[in-house]
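Close look at the chain arrangement
What follows is each chain in one-letter form.
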Amino acid sequence: MSREPVDKRHEYPIRIGNWLPDDQESIKKWLDDLIKEVEEKYSAEKGCSVKLDGKFMVPRDWLDPLVQEFKDFVDNDATIRMPYTKMFTEVTEKETPIGTPQVQSYHVMFLLVSFIINNWAPRYTLFLLPINAILNWSIGTADGYLAFLNKSANEYWMKVLNKWGVFLKSPLSCYVLNDEPGGWFSESAMANMPDFEKEFICDPTAPHYGFTSWDDFFTRKFRDGVRPVASPDDKNVITNACESGALFLQYEVKLTDDFWVKDQWYSLRDMLNDDPYTSQFVGGIVYQASLYLQNYHRWHSPVDGKVVKAYNIPGTYYSASLNDGKDTRAPDNSQGYLCNVATRAAIFIEADNPSIGLMCLLAVGLVEVSTCEINPNLVSKDGPKTVKKGDEIGSFHFGGSTHCLIFRPGVNLQFEQTVLDSIGILHAKNMKLNSKLATVIR
């Protein structure tokens with residue numbers, strides 16, 4: 001088997017999963033509207049003219065307390081204030097196809113973020129990653145690269161995004177769950193989620209289809225029987241762990257590799273946080289797939305076996321690879337890279353089939369979509385938890401993300417041709433949860 005990855009890693013005609021539009025003008029218009037809304041809000045509330053430009057300095061009492069705490073950290077630490085300043089000033093008019101950058105300082109960024117986490121739920125307008133849109137150009141700068149790798153800053157981002165999660169889990173976020181233009185049950189949205197009422201547990205006669213919050217809608221469950229498990233009694237068949245589109249398939253994965261270079265090789269020590277099990281996967285296989293906008297966002301076991309370990313790994317939120325320069329598509333161009341550094345969850349399963357043995361599902365959060373929730377019943381003091389193929393084992397919150405299945409060397413897998421044909425971002429097709437992914441060849 002060759003170490004060469006099976007993918008088309010550098011063909012990017014669309015945004016993966018449609019989390020943000022590929023059209024920069026659409027992002028510009030949305031951001032213009034957001035900035036105008038915030039300017040008008042604070043102008044009216046504070047009785048002064050507010051202009052969110054490069055000269056704007058946000059007063060202390062304008063920010064959410066958690067956001068203010070984060071800003072204080074940036075203000076008071078020169079080693080982080082410098083990259084958080086320069087990642088905006090590095091983005092010049094010449095480098096953007098849309099004119100002068102809209103977000104010109106971290107003061108503006110923090111005010112916009114403060115507004116979003118207390119007031120804003122994603123509408124069906126392809127803007128599910130609003131903070132990613134705010135940072136669209138800055139993420140890919142040299143100083144943005146430094147800023148978003150900072151461990152202490154990432155701890156603040158975690159607090160801020162968790163605060164937004166409180167809003168998205170509250171009834172206040174239901175205002176986007178309607179059939180109005182831009183609503184999640186609008187004609188255009190439902191056209192991309194055909195058979196929604198038949199596939200998902202919901203009540204079309206109830207307000208908001210019976211969902212209690214935006215997050216409740218996004219973590220919705222399939223009705224029984226909608227995604228039957230392929231070959232449930234055949235332990236040689238591995239099933240698709242998430243409703244997802246195939247991205248990459250790499251063989252002979254190394255213990256340590258240069259994941260930050262253009263090819264974004266997987267580096268097992270970094271992916272698995274140097275877990276004691278890591279060495280067992282050296283020379284093995286990594287399969288990666290990404291979740292889409294309209295997808296089901298829960299993870300299911302791809303094999304019969306026992307969960308021997310499951311835990312969350314803290315990491316980055318807005319870090320992106322610099323291999324393509326100033327990347328307007330971040331984090332799309334960094335999918336492989338992010339498996340090594342982003343916030344993620346690792347679930348190790350000892351498969352009943354000895355020809356598979358120990359394998360790992362790695363669920364990776366991307367930007368705002370950073371909450372990886374492992375089912376609590378998998379972590380027990382009573383010993384390994386038995387799972388059957390197709391059992392739910394965890395979920396992403398506030399959207400979807402990406403995931404990897406990692407196999408040991410010597411596991412001889414024949415991936416389905418439909419999977420191989422879908423590898424690569426250009427060709428990725430959504431594959432159903434619990435469908436046949438690969439077969440063990442003895």
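Here is a short report on the structure shown in this document. (Residues numbered from 1 in each chain as written. Predicted model: local features only at pLDDT ≥ 70, side-chain atom pairs only at ≥ 80, totals over all residues. Heavy atoms only, no water.)

1. So, the overall build of the protein chain
Helices and strands together make up the secondary structure of the protein chain, namely 13 helices and 14 strands. The burial tally for the protein chain puts 58% of its 442 residues in the buried class. Within the protein chain, counting contacts between residues at least 6 apart in sequence, those at least 24 apart form 78% of the total. Carbon and sulfur atoms provide 51% of the accessible area of the protein chain, an area that totals close to 17500 Å². (Helix = DSSP H or I, 4+ residues; strand = E, 2+ residues; numbered from the N terminus. Buried < 20%, exposed > 50% of the residue type's maximum accessible area, 1.4 Å probe, protein only. Contact = heavy atoms within 4.5 Å. Areas by Shrake-Rupley, 256 points an atom, 1.4 Å probe, with all protein chains shown as cover.)

2. Quick word on the sheet that holds strand S4 (residues 298-300)
Overall, antiparallel pairing links the three strands, which are arranged S4-S10-S8 in an open sheet. At either end of the open sheet lies a strand with only one pairing partner, and these are S4 and strand S8 (371-374). Strand after strand, the sheet turns through a mean of 20° between neighbouring axes, direction not considered. Sheet topology note: the S4/strand S10 (residues 392-397) ladder contains three bridges and is antiparallel. Within the sheet, the bridge partner assigned to His300 lies in S10 and is Glu392. (Pairing = 2+ DSSP bridges. Axes fitted to C-alpha atoms, helices over the stretch in contact; angles between N-to-C directions.)

3. So, the environment of Asp352
By the secondary structure assignment, Asp352 is in the loop between strand S6 (344-351) and strand S7 (358-364). Accessibility expressed as a relative area gives 38% for Asp352, which makes it partly exposed. Counting along the chain gives 116 residues from Asp352 to Asn236, while the straight-line C-alpha distance between them is 9.9 Å. What Asp352 contacts, discounting residues up to four positions off in sequence, is Lys235, Asp304 and Gly305.

4. Describing the sheet that holds strand S13 (residues 430-431)
The strand order across the open sheet built from eight strands is S9-S5-S6-S7-S11-S3-S2-S13, with neighbouring strands paired in antiparallel fashion. Two strands close off the open sheet at either side, each with one partner strand: strand S9 (385-387) and S13.

5. Looking at the pairing of strand S14 (residues 436-440)
The side chains of a regular strand alternate, first on one face of the sheet and then on the other. Where burial is concerned, most of S14 is hidden: four out of the five residues are buried. Examined bridge by bridge, strand S1 (residues 237-239) and S14 share three bridges and lie antiparallel to one another. Note that in S14 the partner of Ile238 across the bridge is Ala438. Pairing analysis gives three bridges linking strand S12 (residues 413-415) to S14, with the strands arranged antiparallel. When the bridges of S14 are listed, Leu413 appears paired with Val440.

6. Comments concerning the pattern of salt bridges
Per the stated rule, a full pass over the model turns up 18 salt bridges. The partner of Lys29 in a salt bridge is Asp33, with the nearest N and O atoms 3.1 Å apart. Placement of the pair is Lys29 and Asp33 together in helix H1 (residues 24-46), with a separation of four residues, close to one helical turn. When its relative accessible area of 53% is taken as the criterion, Lys29 is described as exposed. Of the charged contacts in the structure, one is a salt bridge between Glu69 and Lys159, with a shortest N-O distance of 3.5 Å. One end of the pair, Glu69, is in helix H2 (residues 65-76); the other, Lys159, is in helix H7 (residues 151-168), with 90 residues separating them in the sequence. (Salt bridge = Lys/Arg side-chain N within 4 Å of Asp/Glu carboxyl O.)

7. Remarks on the packing of H2 against helix H3 (residues 78-89)
The N-to-C vectors of H2 and H3 enclose an angle of 100°; their axes lie 5 Å apart at closest approach. Here H2 lies roughly perpendicular to H3, going by the angle between them. In this structure, H2 contributes Phe70, Phe73, Val74, Asp75 and Asn76 to the contact, and H3 contributes Ala78, Ile80, Arg81 and Tyr84. Class assignment of the residues belonging to the contact of H2 with H3 gives a composition of six nonpolar, one polar and two charged. (Parallel < 35°, antiparallel > 145°, perpendicular 65-115°, else oblique. Nonpolar A, V, L, I, M, F, W, Y, C, P; charged D, E, K, R; others polar.)

8. Concerning the nonpolar core
By size, the foremost hydrophobic cluster in this structure holds 73 residues, and its most contacted members are Phe70, Tyr84, Met109, Leu135, Trp157 and Trp184. Listing elements by their share of this core, those giving two or more residues are H1, H2, H3, helix H4 (106-119), helix H5 (130-134), H7 and helix H10 (214-218). It is H4 that provides the largest number of residues to this core, a total of 10 residues. When near neighbours in sequence (up to four residues on either side) are disregarded, Tyr84 contacts Phe70, Val74, Tyr106, Met109, Ala147, Phe148, Ala153 and Trp157. (Core = buried A, V, L, I, M, F, W, Y, C linked by side-chain atoms within 4.5 Å.)

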